[in-house]
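Residue-level structural notes
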Amino acid sequence: MKILGLTGGMGMGKSTVASMLRRAGVAVFDADATVHALQAPGGAALSRIAQLVPQAVTAGRLDRTVLRQAVLAHPALLKKLEAIMHPLVRRARTEFLRRSRLQGAACVVLDIPLLFETGADRLCRRVAVVSAPPWVQRRRVAHRRNMPPPQARRLIACQMRDARRVQKADTVIRTGLSMKETERQVRRFIRSLRA
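Heads up: these notes are all about the structure in this document. Model, not experiment: these values are computed from the prediction.

**Thoughts on a positive patch on the surface**
On the surface, a cluster of positive charge is contributed by Lys-180, Arg-187, Arg-188 and Arg-191. By the element assignment, Arg-188 lies in helix H9 (residues 179-194). A relative accessible area of 42% means that Arg-188 is categorised as partly exposed.

Put into structure tokens, the structure is as follows:
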């Protein structure tokens, strides 16, 4: 079974690319969706996050805005949150790969924002990085997260630089031109997977 990595910074269009891969019949492990499930009411990570940042959890629900503000105010919190989340996400990823092998999948994609940072790229035969011009990224993040542009820039600055990701990539899927162009690049990527 071929294991391929898909990564990119926030606002780059990675979720759109992952959706295109799913529609083409490729099984995709979505690390972001896994994180949301782990942080949902009753999720395995919620009580530990509540111990770390009590003000971010109210009535059994995570307030992501409060958590984001806490991390921006105290950057050291990010490493502590990652220490909670990464082992749980790794466990879910291992289960996804086990199930995919049992189902006889020829190829799967690991959609992981922190693919390089967590070392998950070592599992992958190839890695595709989704990239967009910086102004497009900033606009998308500010719009999607409903935040002022300076805050969006600070959030983006917490991540690995796009140029570093692109340097490590086997394939770069560039978004920000048009949806049609993104689809064309994804189709070409899928053909290469099946070759």
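**Some details on unusual backbone geometry**
Most peptide bonds take the trans configuration, and most residues that are not glycine carry a negative phi. A positive phi angle is found at Ala-59, which is not glycine, with a value near 50 degrees. Residue placement: Ala-59 occurs in the loop between strand S3 (57-58) and strand S4 (61-62).

**Notes on the sheet that holds strand S1 (residues 2-7)**
A sheet is described by the order of its strands in space; here five strands give the open sequence S2-S5-S1-S6-S7, paired in parallel fashion. The sheet terminates laterally at strand S2 (27-30) and strand S7 (171-174), the two strands that pair on one side only. Recorded for the sheet is a direction-independent mean angle of 25 degrees between the axes of neighbouring strands. Direction of pairing for strand S6 (residues 126-131) relative to S7: parallel, over a ladder of four bridges. The residue of S7 that forms the bridge with Val-130 is Ile-173. Each of S1, strand S5 (107-111), S6 and S7 touches H9; the most contacted strand, S7, lies at about 155 degrees to it.

**A short note on the packing of aromatic side chains**
Applying the stated criterion across every chain yields a total of one aromatic pair. Ring centres 5.6 Å apart and planes at 45 degrees place the aromatic pair Phe-29 and Phe-96 in the tilted group. Separated by 67 residues along the polypeptide, Phe-29 in strand S2 and Phe-96 in helix H5 (residues 76-102) bring together distant segments of the chain. Each member of the pair, Phe-29 as well as Phe-96, is classed as buried.

Reading the values: the criteria
- Residues numbered from 1 in each chain as written.
- Predicted model: local features only at pLDDT ≥ 70, side-chain atom pairs only at ≥ 80, totals over all residues.
- Heavy atoms only, no water.
- Patch = residues over 30% accessible without salt bridge, like charges linked within 9 Å, V, L, I, M, F, W, Y side chains within 5 Å.
- Areas by Shrake-Rupley, 256 points an atom, 1.4 Å probe, with all protein chains shown as cover.
- Salt bridge = Lys/Arg side-chain N within 4 Å of Asp/Glu carboxyl O.
- Lys, Arg positive; Asp, Glu negative; His and termini not counted.
- Charge placed at Lys NZ, Arg CZ, Asp CG, Glu CD.
- Helix = DSSP H or I, 4+ residues; strand = E, 2+ residues; numbered from the N terminus.
- Buried < 20%, exposed > 50% of the residue type's maximum accessible area, 1.4 Å probe, protein only.
- Pairing = 2+ DSSP bridges.
- Axes fitted to C-alpha atoms, helices over the stretch in contact; angles between N-to-C directions.
- Contact = heavy atoms within 4.5 Å.
- Phe/Tyr/Trp six-rings, centres within 6.5 Å; stacked < 30°, edge-to-face > 60°.

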